[in-house]
Amino acid sequence: MDMRERIARRAAQELAALNAETGFYVNLGIGMPTMIANYVPENVPVIFQSENGMLGVGPYPWEGEEDADLINAGKETVTELPGTSYFSSADSFGMIRGGHIALSILGALQVSAAGDLANWMVPGKMVKGMGGAMDLVAGVRRVVVIMEHRTREGGPKILEQCALPLTGARCVHRIITELGVIDVTPGGLKLVELQEGVTREEIQSATEPKLL
């Protein structure tokens, strides 16, 4: 199991916390979060929403069974589940801005100790646009970030303050990486789970803020 798969499998466990009170509508961000659709726990009636206008997104198709008309927001081919519905972008963002999505799982470039999120722009590189990320972090009730713990250069991605332009301020509730699970609390970042074989010292050395 590679690092990205390990992160996606752990993130899929977050779906088990959904219930009739929270609702079962979930938005998966572009990139690694889309892998979560392949690892949904049994007996969890989750319904994935894609901001390009699809409710009922299924797992990736098997090779040779792709339908070019069925794509997610990242332009990847997907499958449809029984009962899937399609709608305009306006309706899609009405769901998001209206608070009807229980959970959004997004990728990130940086997360701050206060739960600020930067995930849409790297200065100096071509930017297609921010997509729906700013709407998601403002309108969805719970935001979980999944990402690799360090940059490609080995530096921390969880910082005291984000250096990149923000997607949203104080919007992240939980961070899941290949090293562990960290909650954003009023008192600071709280380490709630270590991945197998990882020590507290290892995850702290890769994290700029002090972990509780």
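Residues numbered from 1 in each chain as written. Predicted model: local features only at pLDDT ≥ 70, side-chain atom pairs only at ≥ 80, totals over all residues. Heavy atoms only, no water.

1. Considering the overall build of the protein
Then comes step 1: Helix and strand counts for the protein come out as four helices and twelve strands.
Then comes step 2: Taking all 212 residues of the protein together, the buried fraction comes to 47%.
Then comes step 3: Counted over contacts in the protein with a minimum sequence separation of 6, partners at least 24 positions apart contribute 63%.
Then comes step 4: When the accessible surface of the protein is totalled, it reaches about 11100 Å², and 51% of it is carbon and sulfur.
Then comes step 5: Charged side chains of the protein number 18 positive and 26 negative; the gap between the two group centres comes to 7 Å. (Helix = DSSP H or I, 4+ residues; strand = E, 2+ residues; numbered from the N terminus. Buried < 20%, exposed > 50% of the residue type's maximum accessible area, 1.4 Å probe, protein only. Contact = heavy atoms within 4.5 Å. Areas by Shrake-Rupley, 256 points an atom, 1.4 Å probe, with all protein chains shown as cover. Lys, Arg positive; Asp, Glu negative; His and termini not counted. Charge placed at Lys NZ, Arg CZ, Asp CG, Glu CD.)

2. Remarks on the side chain of His-149
Then comes step 1: Tracing the backbone through its elements, the reader meets His-149 in the loop between β8 (143–146) and β9 (158–159).
Then comes step 2: Those residues in contact with His-149 that lie beyond four places of it in its chain are Gly-155, Pro-156, Lys-157, Ile-158, Thr-177, Glu-178, Leu-179, Ile-182, Ile-203, Ala-206 and Thr-207.

3. Quick look at the pattern of salt bridges
Then comes step 1: Going through the model one piece at a time under the given rule, you end up with seven salt bridges.
Then comes step 2: Between Arg-10 and Glu-14 there is a salt bridge whose closest N-O contact spans 3.0 Å. Comparing Arg-10 with Glu-14 shows no difference in burial state: the two are buried.
Then comes step 3: With its nearest N and O atoms 3.9 Å apart, the salt bridge here joins Arg-142 to Glu-14. Pair noted here: Arg-142 is in the loop between α3 (133–139) and β8 and Glu-14 is in the loop between α1 (3–12) and β1 (25–28), with a separation of 128 residues, a long-range link.
Then comes step 4: Within the structure, one salt-bridge network assembled from shared partners comprises Arg-10, Glu-14, Arg-142, Arg-174, Asp-183 and Glu-193. (Salt bridge = Lys/Arg side-chain N within 4 Å of Asp/Glu carboxyl O.)

4. Focus: the side chain of Asn-27
Then comes step 1: Locating Asn-27 in the fold gives a position in strand β1.
Then comes step 2: Here the side chain of Asn-27 touches Gln-49 through a polar contact of 2.9 Å, side chain to side chain.
Then comes step 3: Among all residues touching Asn-27, those that are not within four sequence positions of it are Gln-49, Ser-50, Glu-51, Ile-96, Ile-101, Leu-103, Ser-104, Ile-105 and Leu-136. (Polar contact = N/O pair within 3.5 Å; in protein donor to acceptor, adjacent residues only side chain to side chain.)

5. Here we look at the sheet that holds β1
Then comes step 1: Pairing is mixed in the open sheet, where nine strands are placed in the order β4-β3-β2-β1-β5-β8-β10-β11-β12. Single-partner strands in this sheet number two, and they are β4 (80–86) and β12 (188–194). Pairs of neighbouring strands in the sheet enclose a mean axial angle of 25°, with direction left out of account.
Then comes step 2: Here three bridges tie β1 to strand β2 (residues 47–50), and the two strands are oriented parallel to one another. Each residue of the ladder has a partner; that of Asn-27, found in β2, is Gln-49.
Then comes step 3: Sitting on the sheet, α1 touches β5 (103–106), β8, β10 (174–176), β11 (180–185) and β12, and the angle it makes with β10 is about 145°. (Pairing = 2+ DSSP bridges. Axes fitted to C-alpha atoms, helices over the stretch in contact; angles between N-to-C directions.)

6. A word on the nonpolar core
Then comes step 1: Val-111, Leu-117, Val-145, Val-172, Ile-175 and Ile-182 are the most contacted members of the largest nonpolar core, which has 27 residues in total.
Then comes step 2: Listing elements by their share of this core, those giving two or more residues are α2 (89–97), α3, β8, β11 and β12.
Then comes step 3: Counting 26 residues, the second-largest nonpolar core is a separate cluster that includes Ala-12, Ile-36, Val-44 and Val-46. (Core = buried A, V, L, I, M, F, W, Y, C linked by side-chain atoms within 4.5 Å.)

7. Some remarks on the sheet that holds strand β6 (residues 110–112)
Then comes step 1: Spatial ordering of the open sheet is given by β7-β6-β9, a layout of three strands whose pairing is mixed. This sheet does not close on itself; its edge strands, each paired only once, are β7 (117–118) and β9.
Then comes step 2: Bridge analysis of β6 against β7 gives two bridges, and the strand direction is antiparallel. By the bridge assignment for β7, Val-111 is matched with Leu-117.

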